[in-house]
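Chain and residue survey
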Amino acid sequence: MPLPFLTADRGFDTVEDVALPFDDHDQWRRPYRPGPWRVGAAALALLLASFMLLATMIIAFAGALPGAAVCLGLAAVVILGALRVLRVGAWVSRHGVRRVAFFRTETVPWARVSDVRTVQQPVRWLGLPRAVQGQALVVVRQGGERLALLTDHNADFLARVEAFDRAADAVEAWSAEYAVSS
């Protein structure tokens, strides 16, 4: 028996994919699903944290409470890092567009956006220093400053060209709807 409400791989071009009447455009939302590289990295970090918590319990039962506290603190840091990895990406709302990085978040109100477009340029492969030729979704501010929101070689879209195109189209649609009316 198929259970489509439990799966995340349903088609985008179905009747069920329309916006719901209670869909709140004031809340920040990611216009795409997190990619397998990002989810896999977070899952491995959480697996490591579970082993660290098990070690914390063993150390605490052995009676070395300062060591258990250090291990518990390190496990908490790993868990928070995994959650932050899952938050990284582009977010949109009626208020603007937001690029969330691991250590930094940058928000551009729609009133300050002059253009959103996809460009060919060197992009970083999985966020590492190595640059390859690829596509990037760029937000051009009114002063001419460019902000790269998404790339086709990041952890969300590596080897998923169709998903990158859908996400770029979704952000461009938000821009067309709210950047003009702001």
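These remarks concern the structure in this document. (Residues numbered from 1 in each chain as written. Predicted model: local features only at pLDDT ≥ 70, side-chain atom pairs only at ≥ 80, totals over all residues. Heavy atoms only, no water.)

Quick notes on the overall build of the protein
Defined as follows: Secondary structure elements are taken from DSSP: a helix is a run of H or I of four residues or more, a strand is a run of E of two residues or more, and numbering for both begins at the N terminus. For each residue, the accessible area found with a 1.4 Å probe, counting protein chains only, is set against the maximum for its type, and the residue is called buried under 20%, exposed over 50%, and partly exposed in between. In this analysis, two residues are considered to be in contact whenever any of their non-hydrogen atoms come within 4.5 Å of each other. With residues, only the protein chains shown are counted as cover, and all accessible areas are computed by Shrake-Rupley using a 1.4 Å probe.
Tallying secondary structure elements over the protein gives three helices and six strands in all. Beginning at the N terminus, the succession of helices and strands in the protein can be written as α-α-β-β-β-β-β-β-α. For the protein, buried positions account for 34% of its 182 residues. In the protein, 54% of the contacts between residues at least 6 apart in sequence involve partners at least 24 apart. Of the roughly 11,200 Å² of accessible surface on the protein, a fraction of 64% belongs to carbon and sulfur atoms.

Comments concerning the pairing of strand β4 (residues 113-124)
Residues in a regular strand point their side chains to alternate faces of the sheet. Here is the rule: At least two DSSP bridges between two strands are needed for those strands to be called paired.
Judged from the 11 bridges that link them, β4 and strand β5 (residues 131-141) form a sheet pairing that is antiparallel. In the sheet register, Gln 120 faces β5, and the bridge partner there is Gln 135.

Considering the sheet that holds β5
Our working definition: Only the contacting stretch of a helix is used when fitting its axis, a line to C-alpha atoms as for every element, and angles between N-to-C directions run 0 to 180 degrees.
Ordered in space as β4-β5-β6, the three strands form an open sheet in which the pairing is antiparallel. Of all the strands in the sheet, the pair left with one neighbour each is β4 and β6 (146-151). The mean angle between the axes of side-by-side strands here comes to 35°, regardless of whether they run parallel or antiparallel. The strands touched by helix α3 (residues 161-178) within the sheet are β4, β5 and β6, with β4 carrying the most contacts at an inclination of about 155°.

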